[in-house]
Structure formats: C-alpha cells, structure tokens
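Summary of the model geometry
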Amino acid sequence: MEEKQPSVIHKISKIISDFFNPLVSLFIFFVYMSVKNYTLHDSVIYFLPILLMVIIPVIIWLVWNVKTGRYTNMDVSNRIQRKTLYIFIAACVIAYIAYNYFKNGYIDFVMLFVLILLFAMQISNLFIKSSMHTSFNIFVAALFFALNPTMGLIWLGIAVLVGITRIILKRHTPKEVFMGAGIAFMVSFLYLYCNIQFQH
C-alpha cells in the first residue's frame, strides 16, 4: 500500500514550526537587541557568552540525546524525556546568569525571565506537556515589545501561527498549546511590568 504524502499545509506547518523553535526565536531576538542597543564590539561581548554557554550547549545536548536514543526527536515530544531537557537548559541559563553577574556586576534581566519561564514550564510539565514552541515565541514577542511594540505585535502573530502548526503537526493538543500560551502570557506580563518599573 502506497504511503500517504503529507499535505501542503502539513509541509508549510513543519517549515514554520522547525524554523521558529525556541532557540532560533531567542537567537533572532538577541541579534535584534544587540544591533539595536549596542555597537558591533559590545554586541559580540554581550552575545558571545550567551551563544557559548546556553545556545550551543543546548543544541549539542539535543543532538547527542536524539542520536543516543534518549530523546525521541529534536522537539522532545515525550513529556517524561522533557524533564532532563528543562533541567539542562536551566543549568546553562543559571551558569550564564552567574557568569554575567560576577563579570559585569548585574543580573541579566532577559535571561532571568527565561529562567522563570523554564521553571514555570517544568512545573506545568508535571501535569501537562505544554507547548514550548508556543510559550517561548509568546515570551519572545514580549521581549520584542519592550524594545519595539510593532515588532512585538508582529512576533505575537508569529507565535499564534506557531501554536497552530503544533496542533496541525499533532505535536500538541489544543489544550497543551493553550497551556503553554497561558504560562507565557503570565511570565510576559510580569516581565513587561518589571521592565516598565525599572525604567522609571
């Protein structure tokens, strides 16, 4: 029997979902923030530790765990498998926050809230496999919004689109996508509120 080919909507959904994964979305934000707020030299100094201490280790961790069979796929769709992923990402983020604090004398506000979002997702994961793709893209929309409201609204549209693709691809149920969105909206609101307070 001939295997059924994926539909055009399924293929487009996969492209959108794969591209706007949490790591890529955060990477795009950090590049945007660096270009907007810093000189090229300062951008490299700010972004390089995040790249070396968080983004690259997480990619290596994902690839290694998929290759050794510990994770079913790069999305880490299995709720039980996600436990170690959250712990590893949190450890990387904590290491970066500590490094930045001792080197530069301040806590990186963005990374602190990435950590808060991770803890919230980890707690949620005990009960329901919330959508990380949806959650992180909504949070990235809030990060953009703090710098440029138009970019924030555009990214919120991307986040909604990503949430829909997760359902189309059957990586998450609507309930899991809404749970991820709900967590992200709470953390994003807290981030934006604190961001406004510290600016005054």
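That block above? That's the structure.
This next bit is on unusual backbone geometry. One non-glycine residue, Lys170, adopts positive backbone phi at about 60°. With respect to the helices, strands and loops of the structure, Lys170 is situated in the loop between α7 (149-168) and α8 (174-199). Here Lys170 falls in the exposed class, since its relative accessible area comes to 72%.

Further remarks concern the nonpolar core. In terms of nonpolar packing, the biggest core is built from 46 residues, with Phe29, Phe30, Val93, Met111, Val114 and Phe139 touching the most fellow members. Of all the secondary structure elements, the ones that give two or more residues to this core are α2 (22-37), α3 (40-67), α4 (79-104), α5 (109-125), α6 (132-147), α7 and α8. The residues contacting Phe139, other than those within four sequence positions of it, are Val110, Phe113, Val114, Leu117, Ala184, Val187, Ser188 and Tyr191.

Along the chain, Ser25 turns up in helix α2. In this structure Ser25 comes out as buried when scored by relative accessible area, which is 0%. At 2.7 Å, the side chain of Ser25 and the side chain of Asn137 are in polar contact. When near neighbours in sequence (up to four residues on either side) are disregarded, Ser25 contacts Phe20, Asn137, Val140 and Trp155.

We now examine the packing of α3 against α4. Running from amino to carboxyl end, α3 crosses α4 at an angle of 165°, the nearest separation of the two axes being 10 Å. By the criterion of interaxial angle, the relationship of α3 to α4 is roughly antiparallel. Crossing geometry of α3 relative to α4 is assigned as right-handed. On α4, the residues that touch Tyr46, Pro49, Ile50, Met53, Val54, Pro57, Val58, Trp61 and Leu62 of α3 are Thr84, Leu85, Phe88, Ile89, Cys92, Val93, Ala95, Tyr96 and Tyr99.

Let's shift gears to a nonpolar patch on the surface. Residues Leu40, Val44, Leu48, Leu52, Ile56 and Ile60 make up a contiguous nonpolar surface patch of roughly 570 Å² in combined accessible area. If you trace the backbone, Leu40 turns up in helix α3. Judged by its relative accessible area of 71%, Leu40 falls in the exposed class.

With that out of the way, let us pick up the side chain of Lys129. Take Lys129: it is sitting in the loop between α5 and α6. One buried charged residue, Lys129, remains without a salt bridge, the closest side chain of opposite sign being Glu176 at 4.3 Å. Of the polar contacts made by the side chain of Lys129, one reaches the backbone oxygen of Arg171; its length is 3.1 Å. Beyond its immediate chain neighbours, meaning those up to four positions away, Lys129 contacts Ser77, Asn78, Arg79, Arg82, Arg171, His172 and Glu176.

Taken as a whole, the largest pocket encloses approximately 440 Å³ of empty space. Considering the residues around the largest pocket, the lining is formed by 26 residues, among which Asn21, Pro22, Leu23, Leu62 and Met74 are closest to the centre. Mapped by element, the contributors of at least two residues to the lining of the largest pocket are α1 (8-19), α2, α3, α4, α5 and α6. When residues of the lining of the largest pocket are assigned to their parent elements, the largest contribution, six residues, is made by α3. Of the residues belonging to the lining of the largest pocket, the class tally is 18 nonpolar, three polar and five charged. In this model, the second largest pocket occupies a volume close to 250 Å³. For the lining of the second largest pocket, the secondary-structure elements that each account for two or more residues are α2, α5, α6 and α8.

How each quantity is defined
- Starting from 1, residues in each chain are numbered consecutively following that chain's sequence as written.
- Owing to the predicted nature of the model, reporting of local features is limited to residues with pLDDT of at least 70; listing and counting of side-chain atom pairs is limited to 80 or more, with chain, interface and lining totals taken over all residues.
- To get the side-chain values, all heavy atoms of the structure are used, and hydrogens and water are removed first.
- Put simply, DSSP H or I for four residues or longer makes a helix, DSSP E for two residues or longer makes a strand, and each gets a number counted from the N terminus.
- Buried residues are those whose accessible area, probed at 1.4 Å on protein chains only, stays under 20% of the maximum for their type, while exposed residues exceed 50% and partly exposed ones sit between those limits.
- Put simply, a nonpolar core is a bunch of buried Ala, Val, Leu, Ile, Met, Phe, Trp, Tyr and Cys residues held in one set by side-chain atoms that sit within 4.5 Å of each other.
- We call two residues in contact when some of their heavy atoms are within 4.5 Å.
- Throughout this description, a polar contact denotes any pair of N or O atoms lying within 3.5 Å of each other; where both atoms belong to protein, one of them has to be capable of donating a hydrogen while the other can accept it, and for residues adjacent in sequence the pair is counted only when both atoms sit in side chains.
- Axis definition: a line fitted to C-alpha atoms, limited for helices to the stretch in contact. Angles are taken between N-to-C directions and run from 0 to 180 degrees.
- Should an angle fall under 35 degrees it is taken as roughly parallel, and over 145 as roughly antiparallel, whereas 65 to 115 is taken as roughly perpendicular and any remaining angle as oblique.
- Crossing chirality is assigned from the near helix's rotation relative to the far helix, an anticlockwise turn below a right angle marking it left-handed and a clockwise turn marking it right-handed.
- Residues form patches when they are more than 30% accessible in relative terms and have no salt bridge. Like charges link within 9 Å. Nonpolar side chains (Val, Leu, Ile, Met, Phe, Trp, Tyr) link within 5 Å.
- Note on areas: Shrake-Rupley, 1.4 Å probe, and residue coverage restricted to the protein chains presented here.
- The term salt bridge refers to a pairing of a side-chain nitrogen on Lys or Arg with a carboxyl oxygen on Asp or Glu at a separation within 4 Å.
- Counted as positive: Lys and Arg. Counted as negative: Asp and Glu. His and the chain ends are not counted at all.
- Only protein atoms enter the 1 Å grid used here. Points where a 1.4 Å probe fits but cannot escape make up a cavity, open sets with protein on both sides within 12 Å along at least five of seven lines make up a pocket, and a residue lines them when an atom lies within 4 Å of a point.
- Grid points are joined across faces, edges and corners, and a volume is the space filled by probe spheres set on the points.
- In this classification, the charged set is Asp, Glu, Lys and Arg, the nonpolar set is Ala, Val, Leu, Ile, Met, Phe, Trp, Tyr, Cys and Pro, and all remaining amino acids, among them Gly, are polar.

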